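# Inside the fold
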Amino acid sequence: MKTANILVVEDEIKLAQFIELELKYEGYEITVANDGLSGLTLARETNPDLILLDWMLPGISGLEICKRLRQTGSKVPIVLLTAKDDISDRVAGLDAGADDYIVKPFSLEELLARVRAHLRRNQDENPNLLEFEDLSLNRSTREVYRGNRLIELTAKEFDLLEYLITHPRQVLTRDQILERVWGYDFMGDSNIIEVYIRYLRLKLEVNGEKRLIQTIRGVGYVLRS
């Protein structure tokens, strides 16, 4: 599974460092910004999976960052971190596009629970993200990851892997694969599937990762560990 990237936008340096350290310990990839403009720029450039966003920031406020991201169509989960605890402040934050609100000072356990919940919800709402073991495939961006490693695939390699990952642990015959990936009227090399399976394995196992595409002799192939 691709490791989630979290953008932390917080101008209190010690708090930002504490959050960064704890989230890294939990296995997340962390990017940090200490002012509003840098935070907005990184949010647009790095496409994070979640943003932890301080309300009061130098330059551009967290509230304004929320509004600008939502105006451009970004659906990234945003959790506001703030000392403001009035009902009117909570309403303002949610109206600006924030998904959640944590009042300072907060416990580490609460922060981690909120992070996990929003990442899980975001994944559930993204039907274009397909995952198996440490392999992830995004249909909308046509990106494939093995762990944190981005794998460059040709269009046909991607189509073949997509077919396999949408049928995990299911043995797919050569005829099924030819029909689905190459089309009914394919008249090319009869060994085309074997060739592309080899291409995929070379790219998926380049760092010695365990084999996920298994051969079922005389039948076809299956994606399983």
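Residues numbered from 1 in each chain as written. Predicted model: local features only at pLDDT ≥ 70, side-chain atom pairs only at ≥ 80, totals over all residues. Heavy atoms only, no water.

## Quick notes on the pattern of salt bridges
What counts here: The salt bridge criterion pairs a side-chain nitrogen of Lys or Arg with a carboxyl oxygen of Asp or Glu, the two atoms within 4 Å. To qualify as a helix, a DSSP run of H or I must reach at least 4 residues; to qualify as a strand, a run of E must reach at least 2; elements of each kind are numbered from the N terminus.
Counted according to the given criterion, the structure contains 16 salt bridges. For the salt bridge of Lys-210 with Glu-133, the shortest nitrogen-to-oxygen distance reads 3.5 Å. With Lys-210 in the loop between α8 (192–204) and β11 (213–216) and Glu-133 in the loop between β6 (129–132) and β7 (135–138), this pair connects stretches of sequence that are 77 residues apart. When the shortest N-O distance is used, the salt bridge between Arg-139 and Glu-162 registers 2.7 Å. With Arg-139 in the loop between β7 and β8 (143–146) and Glu-162 in helix α6 (residues 155–165), this pair connects stretches of sequence that are 23 residues apart.

## Structural notes on the sheet that holds strand β4 (residues 78–82)
The condition is simple: Two strands are said to pair when DSSP picks up at least two bridges between them. To obtain an axis, a line is fitted to C-alpha atoms, over the contacting stretch when the element is a helix, and the angle between two such axes runs from 0 to 180 degrees between their N-to-C directions.
Strand order in the open sheet formed by five strands is β2-β1-β3-β4-β5, with parallel pairing between adjacent strands. The strands lining the two open edges of the sheet, one partner per strand, are β2 (29–33) and β5 (100–103). The sheet shows a mean angle of 20° between the axes of neighbouring strands, direction not considered. With four bridges joining them, strand β1 (residues 5–9) and strand β3 (residues 50–54) adopt parallel strand pairing. The residue bridging Val-9 from the neighbouring strand is Leu-53, located in β3.

## Overview of the domain arrangement of the protein chain
What counts, and what does not: Segmentation into domains, and thus their bounds, comes from an automatic or database assignment.
Partitioning the protein chain into domains gives domain 1 (5–124) and domain 2 (129–223). For domain 1 versus domain 2, the separation of C-alpha centres amounts to 36 Å.

## Some details on the environment of Thr-82
Cut-off, in case you're wondering: Should any heavy atoms of two residues lie within 4.5 Å, those residues are counted as being in contact.
Position of Thr-82 among the secondary structure elements: in strand β4. With 22 residues separating them along the chain, Thr-82 and Lys-104 place their C-alpha atoms 5.6 Å apart. Thr-82 has contacts with Asp-54, Trp-55, Tyr-101, Ile-102, Val-103 and Lys-104, leaving out every residue within four places of it along the chain.

## Things to note about unusual backbone geometry
Most peptide bonds take the trans configuration, and most residues that are not glycine carry a negative phi. Operational definition: A 1.4 Å probe rolled over the protein chains alone gives each residue an accessible area, and that area as a share of the maximum for its type sets the label: buried under 20%, exposed over 50%, partly exposed in between.
Along the chain, Lys-104 connects to Pro-105 via a cis peptide bond; the corresponding omega equals -5°. Among the structural elements, Pro-105 can be located in the loop between β5 and α5 (108–124). Backbone geometry places Arg-142, a non-glycine residue, at a positive phi of 55°. Structurally, Arg-142 can be placed in the loop between β7 and β8. Its relative accessible area of 42% is what places Arg-142 among the partly exposed residues.

## Some words on the sheet that holds β11
Here we have three strands laid out as an open sheet, ordered β10-β12-β11, and antiparallel in their pairing. Only two strands of the sheet have a single partner each, and these edge strands are β10 (172–173) and β11. Relative to strand β12 (residues 220–223), β10 runs antiparallel, the two sharing two bridges. Across the sheet, residue Thr-173 finds its bridge partner in β12, namely Gly-220.

## Description of the side chain of Asn-5
Within the element layout of this structure, Asn-5 appears in strand β1. We classify Asn-5 as buried; its relative accessible area is 13%. Each residue touching Asn-5, except ones within four places of it in the same chain, is listed here: Glu-29, Thr-31, Pro-48, Asp-49 and Leu-50.

## Examining the nonpolar core
Short version of the rule: Throughout, nonpolar core names a set of buried Ala, Val, Leu, Ile, Met, Phe, Trp, Tyr and Cys residues whose side chains join them through atoms within 4.5 Å.
Core analysis: the largest hydrophobic core is formed by 28 residues, its most contacted members being Leu-160, Leu-161, Ile-177, Trp-182, Ile-193 and Ile-213. Secondary-structure elements contributing two or more residues to this core are β6, β7, α6, α7 (174–182), α8 and β12. In terms of residue count, α8 provides more of this core than any other element does, seven residues in total. Ignoring any residue separated from it by four or fewer positions in sequence, one finds Ile-177 in contact with Leu-160, Tyr-163, Leu-172, Trp-182, Ile-193 and Tyr-221. In terms of nonpolar packing, the next biggest core, distinct from the first, is built from 20 residues, Leu-7, Leu-57, Leu-80 and Ala-98 among them.

## Some remarks on the pairing of β6
Side chains Leu-130 and Phe-132 project from β6 onto a buried face, and the interleaved Leu-129 and Glu-131 project onto a face without burial. Two strands pair when backbone bridges link them, and β6 and β7 are joined in this way by four bridges, in the antiparallel orientation. Considered in β7, the bridge of Glu-131 is made with Ser-136. Between β6 and β7, which pair antiparallel one after the other, the connecting turn spans two residues, and Glu-133 there sits at a positive phi close to 50°.

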